[in-house]
Amino acid sequence: MGLLDILLGRTKPALPDLDQLFALPSAAVTLEAAAGFTPTGTGAVCFATVEGAAFEQTHREVQALLDADADRDGPPVELTQDEFGYSWLLSRRSPEQLSELVNDLHAVNSSMEVNGFGPQLLCSLATFQGEGGKRLALVYLYKRGTFYPFAPLPGSGQRRDNALELQVKAALGGDLKMEQDLSRWFPVWGAPGL
């Protein structure tokens with residue numbers, strides 16, 4: 001960053017730090033103690049779909065890598081597309097296998113990044129459940145290298161539990177690099193596993 005950038009108020013964009021994902025298992029312990037949420041065993045990576053043979057090959061390699069895991073109890077990894085045209089690669093594990101789920105999410109992100117598709121990566125999330133059917137996702141923003149909580153209210157409609165999201169942010173501030181700009185806490189309505 002040069003003097004002109006400083007004078008004009010430009011800042012360097014935050015760089016992705018995929019190793020931040022490995023903090024999720026310890027954050028899950030804090031989350032359970034502070035708010036009563038436990039892992040569901042599902043997580044997903046969201047990316048903008050790209051056409052072309054190279055992207056298809058990368059996607060097939062990632063899916064084959066994750067599906068080949070002999071320790072996987074549940075169904076294989078699934079690829080879905082949401083109503084906005086974004087692709088989601090969903091991984092399911094048993095709730096006790098949060099570390100393995102994090103490895104899956106990291107492997108997907110790393111493979112996409114190494115093959116030149118980092119700019120298409122949007123976010124990754126791990127889901128949690130609480131009392132009364134409450135759901136919560138800890139969302140990792142790839143381009144910012146930060147996390148934020150997303151708590152949809154149970155029932156119909158697209159409403160969020162903002163008080164719970166702020167409670168989770170405060171509780172996990174020591175465990176995860178939390179996104180401070182609340183305008184970047186994008187809703188992930190219809191995310192698989194949520």
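The following paragraphs examine the structure supplied in this document. (Residues numbered from 1 in each chain as written. Predicted model: local features only at pLDDT ≥ 70, side-chain atom pairs only at ≥ 80, totals over all residues. Heavy atoms only, no water.)

Within the secondary structure, H106 sits in helix α4 (residues 98-114). Taking the relative accessible area as the measure of exposure, H106 reaches 17% and is therefore buried. Contact partners of H106, with chain neighbours within four places excluded, come to L18, D19, L21 and F22. (Helix = DSSP H or I, 4+ residues; strand = E, 2+ residues; numbered from the N terminus. Buried < 20%, exposed > 50% of the residue type's maximum accessible area, 1.4 Å probe, protein only. Contact = heavy atoms within 4.5 Å.)

For the coordinates displayed, the defined rule picks out zero disulfides. The thiol of C46 is not disulfide-bonded; the next cysteine sulfur, from C123, is found 4.7 Å away. (Disulfide = S-S within 2.5 Å.)

Moving on, we come to the pattern of salt bridges. Counting across every chain of the model gives six salt bridges. Of the charged contacts in the structure, one is a salt bridge between R60 and E56, with a shortest N-O distance of 3.8 Å. Highlighted residues: R60 and E56, both in helix α3 (residues 53-67), separated by four residues, approximately one helical turn. Looking at E56, the relative accessible area reads 37%, which means it is partly exposed. Measuring nitrogen to oxygen at the nearest pair gives 2.1 Å for the salt bridge that ties R92 to E78. With a gap of 14 residues between them, R92 in strand β3 (residues 86-92) and E78 in strand β2 (residues 78-81) connect regions that are remote in the sequence. (Salt bridge = Lys/Arg side-chain N within 4 Å of Asp/Glu carboxyl O.)

All right, on to the packing of aromatic side chains then. Tallying each qualifying case throughout the model produces three aromatic pairs. For the ring pair Y140 and F147, a centre distance of 5.2 Å and an interplane angle of 55 degrees mean the geometry is tilted. F147 shares its class with Y140; the two are buried. Their ring planes at 75 degrees and their centres at 5.1 Å tell us that F150 and W189 sit as a pair that is edge-to-face. With F150 in strand β6 (residues 146-150) and W189 in the segment after α5 (162-172), this pair connects stretches of sequence that are 39 residues apart. (Phe/Tyr/Trp six-rings, centres within 6.5 Å; stacked < 30°, edge-to-face > 60°.)

Attention now goes to the environment of Q129. One can find Q129 in strand β4 (residues 121-129). Look at Q129 and you get partly exposed, because its relative accessible area is 36%. As a C-alpha pair, Q129 and F37 span 92 residues in sequence and 5.2 Å in three-dimensional space. Excluding residues within four positions of it along the chain, Q129 makes contact with G36, F37, T38, T40, K134 and R135.

Each strand in a sheet pairs with another by means of backbone hydrogen bonds, the pair being arranged parallel or else antiparallel. The strand order β2-β3-β1-β4-β5-β6 describes an open sheet built from six strands, whose pairing is antiparallel. This sheet does not close on itself; its edge strands, each paired only once, are β2 and β6. On average, each strand axis in the sheet is inclined to that of its neighbour by 25 degrees, with strand direction left out of account. Together, β1 (38-48), β3 and β4 form the strand contacts of α4, whose direction differs from that of β1 by roughly 5 degrees. (Pairing = 2+ DSSP bridges. Axes fitted to C-alpha atoms, helices over the stretch in contact; angles between N-to-C directions.)

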